[in-house]
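Close look at the chain arrangement
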Amino acid sequence: MKKLVEISLGVVTSVGGFLEVGSVATAAQAGATFGFQLIWAVVLGTICIIFLVEMAGRFAAVSHHTISDGIRERFGFNVFLWPLLAALLVNFMVLSAEIGGVAIALELATGIGFQWWALPVAFLAWLLLWKGTFGFIEKGVSILGLVTLCFVVGAVMLKPDWTAVAAGAVPSLPAHNAANYWFMAVSILGASISPYLFMFYSSGAIEDQWDKSYLGANRAIAGLGMTFGGAISIGVLIVAALVLATHGINQVNDYHQLPLMLISVFGFWGFVLFVASLAIACFGAALEVGLQQAYLVAQGFGWNWGEDRKPCDNPGFSAVYTVSLLLAAIPITLGLDPLRLTIFSMALTAASLPLTVVPFLFLLNDERYVGEHRNGIISNTAVILIIALGFVLAVVTIPLQIFGGT
Amino acid sequence: MKLLRDLLDKQVVDREQVKIGKVDGLVAELRPGKPPRIVAIELGSITLARRLGERPGRWMAQLVAKLGGRRHGEPHRIAWQKVRDIGVDIEFDIDVRETSIFAWQDWLRDHVIGRIPGA
Amino acid sequence: MAHQTPALTFSGRHLRLDFLCLLLLLGMSAGCSSSDPIEQQSRTAASAAQTVSMLLDAWMGGAAPFAYTAGTLQSVSKTLADAEAQIRSAGTAEPAKQAALTAAVKDMSVAVARAQAGLQAGNRAEVQNAQQDLRLASRSLSTAYSRYFAPKP
């Protein structure tokens with residue numbers, strides 16, 4: 001019975017924490033421009049993150065190491081430095097994008113420009129990390145995040161042609177605008193396969209003192225939680241395709257266009273729901289990414305870490321998230337467009353995945369860490385193929401997007 | 001035991017289970033005709049920088065000496081005979097408060113973190 | 001210092017790989033022609049106009065709050081001005097057809113400005129007129145667009 005409660009709570013947490021600015025923005029753009037055609041990218045990304053989250057939990061439960069601990073120990077400091085720097089950089093951009101997402105929501109609600117909100121948002125996030133506990137942050141914010149389910153409700157209410165939706169789950173070649181199509185596929189993959197998500201999950205498993213008895217719960221949480229989370233992303237994509245595209249809005253390059261998705265379904269309450277979903281989802285993600293930066297550095301260098309201790313007990317750890325949040329607020333304060341930043345950081349995430357995921361896969365196949373609980377051939381192959389696809393597409397399309405003149 | 005594989009980069013804790021750092025370096029005694037013997041572990045930014053190369057190591061040592069004074073110009077060492085247990089972490093029979101390993105964290109606490117309300 | 005050598009080779013291999021990727025990229029970017037700014041900007045303008053039309057409907061139905069509506073109109077007017085400038089400055093072999101595109105986008109900007117004035121004054125009739133103007137401008141943009149991209153005789 002206790003396990004069942006734990007599993008449900010874990011699933012709820014993953015569902016509420018799945019959506020963030022990246023998945024909203026990429027799914028909305030893809031739906032508006034290509035209809036249901038890019039659903040397959042969400043599906044592939046979700047499959048990959050299911051495997052990775054399950055591995056992260058299993059690794060923590062069996063070896064009692066977090067991912068950064070493991071990579072450093074197994075490969076040594078000089079190799080560890082590369083995934084560390086890659087993850088820090090990508091997380092920094094994602095954190096900035098999430099702060100931008102909350103700032104956009106506040107601008108939409110109040111009419112006061114998003115730049116003005118970045119620092120207050122970062123401060124509020126910092127305050128919660130400073131005073132809050134891990135359980136409070138992980139569970140509290142994620143349960144509020146369930147408001148994002150309104151996208152799924154909206155998608156169902158729009159009565160999509162479900163055969164067309166299913167057809168979109170099968171990869172297909174674009175009829176027009178190929179460069180843009182593949183770039184969007186990359187951004188969607190990057191948004192779904194967030195390294196911070198599975199790294200955070202492994203830190204959480206250690207903070208909650210998981211052991212082998214949690215392996216079943218872990219599998220259920222990863223599978224169910226991420227599947228439902230992916231369903232929300234698909235919901236956003238369907239709503240964007242049926243609302244924006246059918247009204248002739250094929251290009252989403254202004255965040256002001258986004259609330260129209262839900263306004264058209266729910267009227268004024270749609271506006272409220274959209275603003276609330278964006279604000280809560282991005283704020284939750286900002287907390288997690290900020291915390292993950294501190295975990296990454298503290299675990300990599302062997303300092304004390306733990307969100308439940310007082311800041312003065314682990315000054316290094318608290319200093320890292322303080323500085324991370326402050327730095328990440330700067331680009332938004334300077335007026336960098338959050339939507340552009342989001343799309344770009346998602347594509348960059350996809351490009352950086354091999355650096356973070358490949359060492360992790362080695363750990364999951366190493367008997368010294370996971371013993372008999374090693375990866376099977378299916379999970380290895382699936383993750384490698386999807387990561388490779390994301391990387392190749394990113395390397396090809398990012399320069400096209402930068403130099404392509406759009 | 002393979003030294004580099006099984007010791008290097010493992011988590012180090014003191015007798016109170018406080019996480020002090022990682023095994024950033026090993027100090028071994030070379031004995032002719034016999035396998036080398038570990039005499040101490042090293043930890044800290046200087047050792048880490050030395051692993052990246054000779055020059056980063058020198059720069060880091062100069063930087064640390066400039067910031068923290070002469071006594072921080074050398075890496076921190078813990079004698080191997082103090083080792084108590086090797087598991088997920090390596091436990092040493094020391095108290096980190098009696099060493100200068102956490103000097104920078106103490107400085108951070110006293111001058112920055114501790115001054116923010118609610119710490 | 002025994003662990004230093006593998007690390008060095010690792011970073012060396014890394015560099016060479018990076019270099020290969022870069023070469024590959026440069027080749028690809030050179031091979032693929034960049035997308036036409038006129039086509040891109042015309043589509044952006046069309047989407048912007050549709051956004052405004054949908055937004056004003058929502059505002060009149062009480063579904064879009066004032067601050068959001070005003071903010072969006074302002075942002076769209078910037079997008080339209082930018083699109084107009086880019087279409088105007090793009091090099092083309094057909095200046096007359098290009099001018100038709102620019103004129104249509106200009107009409108859109110005027111319509112959006114009218115909607116902004118109507119919104120500030122709370123004048124629903126004016127907003128409706130602006131929507132009508134916007135619809136006309138959208139139609140002329142789409143005509144100009146299909147003329148511009150019509151197959152050459």
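Predicted, not measured: the structure shown is a model, and the values here were computed from it. (Residues numbered from 1 in each chain as written. Chains lettered and ligands numbered in written order. Predicted model: local features only at pLDDT ≥ 70, side-chain atom pairs only at ≥ 80, totals over all residues.)

1. Here we look at the overall build of chain C
Heads up, the condition is: Numbering of helices and strands starts at the N terminus; helices are DSSP runs of H or I of at least 4 residues and strands are runs of E of at least 2. Here the C-beta atoms are placed from the backbone, and a residue counts as buried if at least 20 other C-beta atoms lie within 10 Å of its own, exposed if 12 or fewer do, and partly exposed otherwise. Placing a C-beta atom from the backbone of each residue, one calls two residues in contact when those atoms lie within 7 Å.
Summing up its helical and strand segments, chain C has 5 helices and 0 strands in all. Taken from the N to the C terminus, the helices and strands of chain C come in the order α-α-α-α-α. For chain C, buried positions account for 34% of its 153 residues. Partitioning the intrachain contacts of chain C with sequence separation of at least 6 by distance along the chain shows that 73% fall at a separation of at least 24.

2. Considerations on the overall build of chain A
Cut-off, in case you're wondering: Throughout, the radius of gyration refers to the C-alpha atoms, and the reference size of a globule is 2.2 Å times the residue count to the power 0.38.
Counting its secondary structure elements, chain A contains 18 helices and 0 strands. Here chain A has a C-alpha radius of gyration of 20 Å; the compact-globule value for 406 residues is 22 Å, and the two agree. A principal-axis box enclosing the C-alpha atoms of chain A has dimensions of 55 × 50 × 45 Å. By residue count, 61% of the 406 residues in chain A fall in the buried class.

3. Examining the sheet that holds strand S3 (residues 25-29) of chain B
Residues and elements named next belong to chain B. Rules: Paired strands, as defined in this entry, are two strands with at least two bridges between them according to DSSP. Helix axes use the C-alpha atoms of the stretch in contact, all axes being lines fitted to C-alpha atoms, and the angles between their N-to-C directions lie in the range 0 to 180 degrees.
Taken together, 3 strands build an open sheet; the order of strands is S3-S4-S5 and the sheet is antiparallel. Single-partner strands in this sheet number two, and they are S3 and strand S5 (76-79). Across the sheet, the axes of successive neighbouring strands diverge by a mean angle of 30 degrees, strand direction being ignored. Here S3 pairs with strand S4 (residues 37-43) via 5 bridges, running antiparallel. Paired with glycine 25 across the bridge in S4 is glutamate 42.

4. Considering the packing of helix H15 (residues 315-333) of chain A against helix H4 (residues 103-111) of chain B
Test applied: Charged residues are taken to be Asp, Glu, Lys and Arg, nonpolar residues to be Ala, Val, Leu, Ile, Met, Phe, Trp, Tyr, Cys and Pro, and polar residues to be all remaining types, Gly included.
Viewed as axis vectors pointing N to C, H15 of chain A and H4 of chain B meet at an angle of 60 degrees, and their least axial separation amounts to 9 Å. When H15 of chain A is examined against H4 of chain B, the residues Pro315, Gly316 and Ala319 of chain A are found in contact with a partner set consisting of Gln105, Leu108 and Arg109 of chain B. Taken together, the residues of the contact of H15 of chain A with H4 of chain B sort by class into 3 nonpolar, 2 polar and 1 charged.

5. Details of the sheet that holds strand S6 (residues 83-86) of chain B
Residue and element names in this part refer to chain B. Taken in spatial order, the 4 strands make up an open sheet running S2-S1-S7-S6, and their pairing is mixed. Edge positions in the sheet fall to strand S2 (19-22) and S6, since each of these pairs with one other strand and no more. For this sheet the average axis-to-axis angle between neighbouring strands, irrespective of direction, equals 25 degrees. Strand direction decides the pairing type here: strand S1 (residues 11-13) and S2, joined by 3 bridges, are antiparallel.

6. With respect to unusual backbone geometry
Residue and element names in this part refer to chain A. Of note in this structure, histidine 64 is not a glycine but carries a positive phi near 60 degrees. If you trace the backbone, histidine 64 turns up in the loop between helix H3 (39-63) and helix H4 (67-75). The phi torsion at lysine 159 lies on the positive side, around 50 degrees, for a residue other than glycine. As for its position among the elements, lysine 159 is in the loop between helix H8 (150-157) and helix H9 (162-168). Lysine 159 gets classed as exposed once you count the C-beta atoms within 10 Å, which come to 8.

7. Considering the environment of valine 62 of chain A
Residue and element names in this part refer to chain A. Along the chain, valine 62 falls in helix H3. Considered as a pair, valine 62 and isoleucine 387 are 325 residues apart in the sequence and their alpha carbons are 25 Å apart. With residues near it in sequence (within four places) discarded, valine 62 still touches Lys212, Val370, Gly371 and His373.

8. Focus: helix H14 (residues 268-301) of chain A
Residue and element names in this part refer to chain A. We apply this condition: The span expected for a helix works out to 1.5 Å for each residue beyond the first.
The terminal C-alpha atoms of H14 lie 50 Å apart, and with 34 residues this matches the ideal 50 Å at 1.5 Å per residue to within 8%. In terms of burial, H14 is largely enclosed, as 30 of its 34 residues are buried. Immediately beyond the C-terminal end of H14, within one or two residues, lies glycine 302, with a positive phi of roughly 75 degrees.

9. Remarks on the pairing of S5 of chain B
Residue and element names in this part refer to chain B. Covered by surrounding structure in S5 are His76 and Ile78 only, the residues Arg77 and Ala79 on the alternate face being uncovered. Where S4 lies against S5, 4 bridges are found, and the strand directions are antiparallel. Paired with glutamate 42 across the strands is arginine 77, a residue of S5.

10. Some points on the packing of helix H2 (residues 45-52) of chain B against helix H3 (residues 54-68) of chain B
Residue and element names in this part refer to chain B. Cut-off, in case you're wondering: Roughly parallel here means an angle under 35 degrees, roughly antiparallel means over 145, roughly perpendicular means 65 to 115, and every remaining angle is called oblique. When the near helix sits turned anticlockwise from the far one by under a right angle, the crossing is termed left-handed; a clockwise turn instead gives a right-handed crossing.
Close contact between H2 and H3 brings their axes to 7 Å; oriented N to C, the two are set at 160 degrees. Relative to H3, the element H2 lies roughly antiparallel. Judged by the sense of rotation from one axis to the other, the crossing of H2 with H3 is right-handed. Across the interface between the two elements, Ser45, Ile46, Ala49, Arg50 and Leu52 of H2 pack against Pro56, Gly57, Trp59, Met60, Ala61 and Val64 of H3. Taken together, the residues of the contact of H2 with H3 break down into 8 nonpolar, 2 polar and 1 charged.

11. Some remarks on the nonpolar core
In plain terms, the rule: By definition, a nonpolar core groups buried Ala, Val, Leu, Ile, Met, Phe, Trp, Tyr and Cys residues that are joined through C-beta atoms within 7 Å.
Formed by 195 residues in total, the largest nonpolar core has its most connected members in Leu52, Ile99, Val102 and Ala240 of chain A. Among the elements that line this core, the one with the most residues is H14 of chain A, at 21 residues. Sequence-distant contacts of leucine 52 of chain A, defined by excluding residues within four places in its chain, comprise Ile193, Phe198, Val357 and Val383 of chain A. Residues Leu8, Ile20, Ile90 and Ile94 of chain B belong to the second largest nonpolar core, which totals 14 residues.

12. Observations regarding the confidence of the model for chain C
All names here are of chain C. Put simply, the test is: Every residue is assigned a pLDDT by the predictor, reflecting its confidence on a scale from 0 to 100.
Of the residues in chain C, 76% reach a pLDDT of 70 or more, and the chain-wide mean stands at 81. For chain C, helix H1 (residues 4-31) is the element with the lowest average pLDDT, namely 45, and helix H3 (residues 66-89) is the one with the highest, namely 94. Predicted confidence for residues 1-13 stays below pLDDT 50, and this span has 8 contacts to residues more than four positions away or in other chains. The low-confidence segment residues 25-34 (pLDDT under 50) makes 11 contacts with residues lying over four places distant or belonging to another chain. This prediction of the complex comes with two scores: 0.90 for pTM and 0.89 for ipTM.

13. Description of helix H7 (residues 134-144) of chain A
The periodicity of an α-helix, 3.6 residues per turn, causes residues three or four positions apart to be oriented the same way. Residue and element names in this part refer to chain A. Test applied: Starting at the helix axis, one direction is taken to each C-beta atom, and the arc is that of these directions.
Listed in full, the buried residues belonging to H7 are Ile137, Glu138, Val141 and Ser142. Looking down the long axis of H7, one finds its buried residues gathered within 100 degrees of arc, a one-sided arrangement. Where H7 is buried, its residues contact helix H1 (2-18), helix H6 (115-131), helix H11 (195-207) and H14.

14. Brief notes about the environment of phenylalanine 36 of chain A
Considering the arrangement of structural elements, one finds phenylalanine 36 of chain A in the loop between helix H2 (21-34) and H3. Sequence separation between phenylalanine 36 of chain A and serine 172 of chain A is 136 residues, and the spatial gap between their C-alpha atoms is 11 Å.

15. Thoughts on the environment of phenylalanine 80 of chain A
All names here are of chain A. Here phenylalanine 80 shows up in helix H5 (residues 77-110). Looking at phenylalanine 80, the number of C-beta atoms within 10 Å reads 22, which means it is buried. Considered as a pair, phenylalanine 80 and phenylalanine 92 are 12 residues apart in the sequence and their alpha carbons are 18 Å apart. Not counting residues up to four positions away in its chain, the partners in contact with phenylalanine 80 are Ile71, Arg72, Phe75 and Gly300.

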